[in-house]
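In case you want the letters, here they are:
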Amino acid sequence: MRHDEMIGKVQALAQLPDRGTAERAAHAVVSTLSERLPAGLARHVAAQLPPDMAAAMRDAVDTSAGRDSGTSCERFGLTAFAGRIAARAGTDEDAALRDAAAVMEVLDAALAPELTERMAGALPADIRELLPVGRAAQDAEGPG
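Residues numbered from 1 in each chain as written. Predicted model: local features only at pLDDT ≥ 70, side-chain atom pairs only at ≥ 80, totals over all residues. Heavy atoms only, no water.

By the element assignment, Gly40 lies in helix 3 (residues 39–47). Residue Gly40 is classed as partly exposed on the basis of its relative accessible area, which comes to 39%. Separated by 33 residues in the primary sequence, Gly40 and Cys73 place their C-alpha atoms 9.6 Å from one another. (Helix = DSSP H or I, 4+ residues; strand = E, 2+ residues; numbered from the N terminus. Buried < 20%, exposed > 50% of the residue type's maximum accessible area, 1.4 Å probe, protein only.)

Printed below as a string of structure tokens:
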């Protein structure tokens, strides 16, 4: 999927006012996501993204990996995930979660299915619910 197409889909799904806001949201989400994923997996995801999105993801992986001997994969849940996205995108946490769900849906469409499954498996349940595959698994389990 091309960069312009990804940003357009994020803008439409998250109902953002303009492409600049969608771009900030997308970069904030992939950067934060890369901090939560194992470094190798984040690099595989980045390899399937357009160059601008891939660079945002790789930069965050390299920064996180530099702190902890190259493994990345910080441990944090949905609240911290939303907080980091909000800080990066200059928005509030509710908007950050809406933006994250939109970006995750676009990533689901852009990535190879097995890579999306690996990514879902590496995330805690509360963040995984933002992925379409995570929501589907939760729906299949029934009401909690």
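After that view of the structure, there is still more to cover.
At a closest axis distance of 9 Å, the pairing of helix 2 (residues 19–36) and helix 6 (residues 93–110) adopts a crossing angle of 80°. Considering the angle they form, helix 2 stands roughly perpendicular to helix 6. Between helix 2 and helix 6, the contacting residues are Ala25, Ala26, Val29, Val30 and Leu33 on the first element and Asp99, Ala100, Val103, Met104 and Leu107 on the second. Tallied by class, residues from the contact of helix 2 with helix 6 come to 9 nonpolar, no polar and 1 charged. (Axes fitted to C-alpha atoms, helices over the stretch in contact; angles between N-to-C directions. Parallel < 35°, antiparallel > 145°, perpendicular 65-115°, else oblique. Contact = heavy atoms within 4.5 Å. Nonpolar A, V, L, I, M, F, W, Y, C, P; charged D, E, K, R; others polar.)

Time to look at helix 3. Residues of helix 3 that are buried: Ala39, Leu41, Ala42, Val45 and Ala46. All buried residues of helix 3 lie within an arc of 160° about the axis, which places them on one face of the element. (Arc of directions from axis to C-beta.)

Here the focus is the environment of Ala54. Structurally, the position occupied by Ala54 is in helix 4 (residues 51–67). The class of Ala54 is buried, set by a relative accessible area of 2%. A sequence separation of 27 residues divides Ala54 from His27, and the C-alpha atoms of the two residues are 9.2 Å apart. In this structure, Ala54 is in contact with Ala46 and Leu49, ignoring residues within four places of it in sequence.

A word on the pattern of salt bridges. Throughout the structure, instances matching the rule amount to 7 salt bridges. We note a salt bridge from Lys9 to Glu5, for which the minimum N-O separation is 3.7 Å. Taken together, the residues Lys9 and Glu5, both in helix 1 (residues 3–14) and 4 residues apart, mark about one turn of the helix. For Lys9, a relative accessible area of 35% puts it in the partly exposed group. Ionic pairing is found between Arg84 and Glu74, a salt bridge with its closest N-O pair at 2.9 Å. (Salt bridge = Lys/Arg side-chain N within 4 Å of Asp/Glu carboxyl O.)

Our next topic: the confidence of the model for the protein. Per-residue pLDDT for the protein has a mean of 88; in total, 85% of the residues score no lower than 70. Least confident of the elements in the protein is helix 9 (residues 132–141), whose mean pLDDT is 56; most confident is helix 5 (residues 78–89), at 97. (pLDDT = per-residue confidence, 0-100.)

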